[in-house]
Structures are given as C-alpha cells and as structure tokens.
Amino acid sequence: MNVSQPWNVVFLIGFVVFYGIRTAYVRAAKSERTVISQFDGLEKFLLAIMFPPTMLLPLLYLFTPLLSFADYRIASAIPWFGAATMVVSLWLFWRSHADLGKNWSVSVELREGHALVTRGVYHFIRHPMYAAIWLWAFAQGMLLANWLAGWSVVPAFATMYFLRVGREEELMCESFGQAYREYMLRTGRLLPRLKTEEPSASSD
Ligand code: SAH
C-alpha cells in the first residue's frame, strides 16, 4: 500500500488536519439560519466534481493499488515544495475559517445576521479560503506521485473557482452594497493589492 511511503504519510497528516479544521468550524456555521441560498444545479455540479479529486482518488491511491497505472516518478525536490505549500495552505485555511466564523457556508449563501468580514486574513484578500484550496491543490499534486490522485484536483478546483467566485461577489455586492464595493477596491481576490483603487463616481 502506498500509504507507508514518507511523502504519502505527510499528505495524509495534512489531509486529516484539513478536514479536522473544516469539521470544527462547520458546526458553528450550521447553527445559523440561511436566508439566501444559491444552492442550485450549478452549485451541486461544482461540489460533485470536487468530491473525487479531493477525497475519493487520494484515498484510493493511498490505500489500494487501483490507481497504480497512473503512478509516475516525481523529482525528489518537488515533494519538499509540496510539503511547504501544504503548511502555508493549512495555516491560511485555518485562519480563514476562524475569521469568517458563522458566515461560512459550503456553497454561496447568506445567513441570518450575516456580517461582512474584512478583518484578519480578509483584510488582505477577499477569498483567503479559496487561496488556501488553490495552494492545497498544488501541494497535493506535488506530494502524490500519481497523475490522477495528485493533479486532478487542479482542473476541478479551477472549474469551481472560476464558475463560483463572480456569483459569490455579486451576492456580496447585493447584500452589502457600497461596503463590499469599497472592500473590493482595497483587496485582491487571491493576492493582496499593491495599490488601492479610488472609488469612482459611477461605482454605485
Ligand atoms: N470566498 C470566501 C468565503 C468562502 S465560504 C473565501 O474564499 O474566503 C462561502 C461563503 O462565504 C459565501 O456563501 C459568502 O456568503 C460568504 N462570504 C464570502 N466573503 C465574505 C466576507 N468577506 N464576509 C462575510 N461572508 C463572506
């Protein structure tokens, strides 16, 4: 079984921490009533395409020989970068859950008493949780020496990210209006803005 190889053990530890963070914060968020939900066909499709590459394929690769046809030899330096990327990803994933608190949801939703969060890691970027998942996707690719289990998460998350992020920002603009639009001018989606844009007269 692949699970005994050192980099796979590193991945498995990260995997447990990743889902541990999510489980710990999901409970707090679920207690809040949802007032607007965009849990439509597109959202269901996006969540469905994320399941195999984030959960099923890594576990099949680690615990069964079923995916061995897609194994490859990885250059020895790459998993070190993968492990470093994973550590940064887990830190950002934890901080974004802690800062977003009860306003978190698995799809695009608005909760009762939903507050616009602009502090903590949200002070610098608008989508730190998605940034953490991007980092996670590349870390998974660099750690697992298997094309399917390692890299399929990158196109899957790219699809989710690009189809969702605009809709999420639209909902935030509808709900928080000028406050969110100004927040957009101060922050980047995934990377901090170097220069803050001035609000234009036609921005509302
Ligand atoms: N895109 C964010 C949050 C992902 S969780 C990130 O990557 O960090 C998805 C939910 O977060 C959405 O349903 C939306 O209602 C909520 N959300 C997104 N940005 C927010 C913000 N700045 N403040 C409060 N809620 C936010």
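In this text, all values refer to a predicted model and were calculated from it rather than measured experimentally.

What counts, and where the lines are drawn
Residues numbered from 1 in each chain as written. Predicted model: local features only at pLDDT ≥ 70, side-chain atom pairs only at ≥ 80, totals over all residues. Heavy atoms only, no water. Near = heavy atom within 4 Å. Polar contact = N/O pair within 3.5 Å; in protein donor to acceptor, adjacent residues only side chain to side chain. Areas by Shrake-Rupley, 256 points an atom, 1.4 Å probe, with all protein chains shown as cover. Helix = DSSP H or I, 4+ residues; strand = E, 2+ residues; numbered from the N terminus. Nonpolar A, V, L, I, M, F, W, Y, C, P; charged D, E, K, R; others polar. Core = buried A, V, L, I, M, F, W, Y, C linked by side-chain atoms within 4.5 Å. Buried < 20%, exposed > 50% of the residue type's maximum accessible area, 1.4 Å probe, protein only. Contact = heavy atoms within 4.5 Å.

Caption draft 1: Structural view of the site of the ligand. Taken together, the neighbourhood of the ligand is formed by 19 residues, with Glu109, His114, Tyr122, His127 and Glu168 sitting nearest. Within the backbone of Glu109, a nitrogen or oxygen atom sits 2.5 Å from an oxygen atom of the ligand. Within the contact set of the ligand, a nitrogen atom lies 2.5 Å away from a side-chain nitrogen or oxygen of Glu168. Contact with the protein chains hides 100% of the accessible area of the ligand, taken as 530 Å² for the molecule alone. Those elements that place two or more of their residues in the shell around the ligand are helix 4 (128-143) and helix 6 (153-186). With 3 residues, the single largest contributor to the shell around the ligand is helix 4. When the residues that make up the shell around the ligand are grouped by side-chain class, the tally is 11 nonpolar, 5 polar and 3 charged.

Caption draft 2: Spatial organisation of the nonpolar core. If you look at the biggest cluster of nonpolar residues, it comprises 54 residues, and the most contacted ones within it are Phe11, Tyr61, Phe93, Tyr122, Trp136, Phe157 and Tyr180. When contributions to this core are tallied by element, the ones reaching two or more residues are helix 1 (6-30), helix 2 (41-63), helix 3 (78-100), helix 4 and helix 6. The dominant element in this core, judged by the number of residues it contributes, is helix 6, at 15 residues. The contact partners of Tyr61, leaving out residues within four places of it in the chain, are Asn2, Gln5, Asn8, Leu67, Asp71, Leu144, Ala145, Asn146 and Ala149.

Caption draft 3: The environment of Glu168, seen in detail. Its location among the elements puts Glu168 in helix 6. Residue Glu168 is classed as buried on the basis of its relative accessible area of 18%. Each C-alpha atom, one on Glu168 and one on Gln38, is 9.1 Å from the other, the two residues being 130 residues apart in sequence.

Caption draft 4: Quick peek at the side chain of Asn146. Locating Asn146 in the fold gives a position in the loop between helix 4 and helix 5 (147-151). Overall, the relative accessible area of 0% leaves Asn146 in the buried class. A distance of 2.8 Å separates the side chain of Asn146 from the backbone oxygen of Leu67, its partner in a polar contact. Separated by 2.8 Å, the side chain of Asn146 and the backbone nitrogen of Ala149 make a polar contact. Beyond its immediate stretch of four places on either side in the chain, Asn146 contacts Tyr61, Leu67, Ala70, Asp71, Tyr72 and Trp151.

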